[in-house]
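# Inside the fold
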Amino acid sequence: MTTKNIKDHRDEVMTRLKYIKEKVDANYKHLEKVNGRLNKAENSITAIKTTGYTLYTVIGALIAWLGLTK
């Protein structure tokens, strides 16, 4: 290869690497947004499950207490 061909090849590779870097950076930013929304959703689900378990326990204890008092 001549020096010009090597330089042309290097320039082409650098252009492609810049394009790949831009795409990876854009995907990273998008992934951060998705992860933020996912964390909020998981926290909401955990709160709903905790409330449900608490109500289940309280209602179960109340029914058991009513059954024992009869």
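Above this text is the structure in question.
First things first, this report covers the structure right here in the doc. (Residues numbered from 1 in each chain as written. Predicted model: local features only at pLDDT ≥ 70, side-chain atom pairs only at ≥ 80, totals over all residues. Heavy atoms only, no water.)

### Brief notes about the overall build of the protein
The test is simple: Only DSSP runs of H or I with at least four residues qualify as helices, and only runs of E with at least two residues qualify as strands; both kinds are numbered from the N terminus onward. Working definition: with a 1.4 Å probe on protein chains only, accessible area under 20% of the residue-type maximum means buried, over 50% means exposed, and in between means partly exposed. Only the protein chains shown count as covering a residue, and every accessible area follows the Shrake-Rupley method with a 1.4 Å probe. Neither His nor the chain ends contribute to the count of charged residues, in which Lys and Arg are positive and Asp and Glu negative. In plain terms, the charge of a residue is placed at NZ if it is Lys, CZ if Arg, CG if Asp and CD if Glu.
A tally of regular secondary structure across the protein gives one helix and zero strands. The principal-axis extent of the C-alpha atoms belonging to the protein is close to 100 × 20 × 5 Å. Buried residues in the protein amount to 0% of all 70 residues. For the protein, the computed accessible surface area is about 6900 Å², with 65% contributed by carbon and sulfur atoms. Put simply, the protein has 13 plus and 7 minus side-chain charges, and the middle of one group is 9 Å from the middle of the other.

### Observations regarding the environment of Ala26
Within the fold, Ala26 resides in helix H1 (residues 3-69). Between the C-alpha atoms of Ala26 and Leu62, which are 36 residues apart in sequence, the distance is 54 Å.

### Topic: the pattern of salt bridges
A side chain with one charge may pair with a side chain of the opposite charge, provided their charged atoms come close. Quick reminder of the rule: Salt bridges are counted wherever a side-chain nitrogen of Lys or Arg sits within 4 Å of a carboxyl oxygen of Asp or Glu.
Taken as a whole and assessed by the stated rule, the structure comprises three salt bridges. The partner of Lys7 in a salt bridge is Asp11, with the nearest N and O atoms 3.2 Å apart. Of this pair, Lys7 and Asp11 are both found in helix H1, four residues apart, which corresponds to roughly one turn of the helix. Take Lys7: its relative accessible area is 48%, and that puts it in the partly exposed class. Between Arg16 and Glu12 there is a salt bridge, and its shortest N-O distance comes to 2.8 Å. Of this pair, Arg16 and Glu12 are both found in helix H1, four residues apart, which corresponds to roughly one turn of the helix. Judged by its relative accessible area of 53%, Arg16 falls in the exposed class. For Glu12, a relative accessible area of 39% puts it in the partly exposed group.

### Considerations on the environment of Thr3
Residue placement: Thr3 occurs in helix H1. Looking at Thr3, the relative accessible area reads 67%, which means it is exposed. The spacing of Thr3 and Ile20 is 17 residues in sequence and 26 Å in space, taken between C-alpha atoms.

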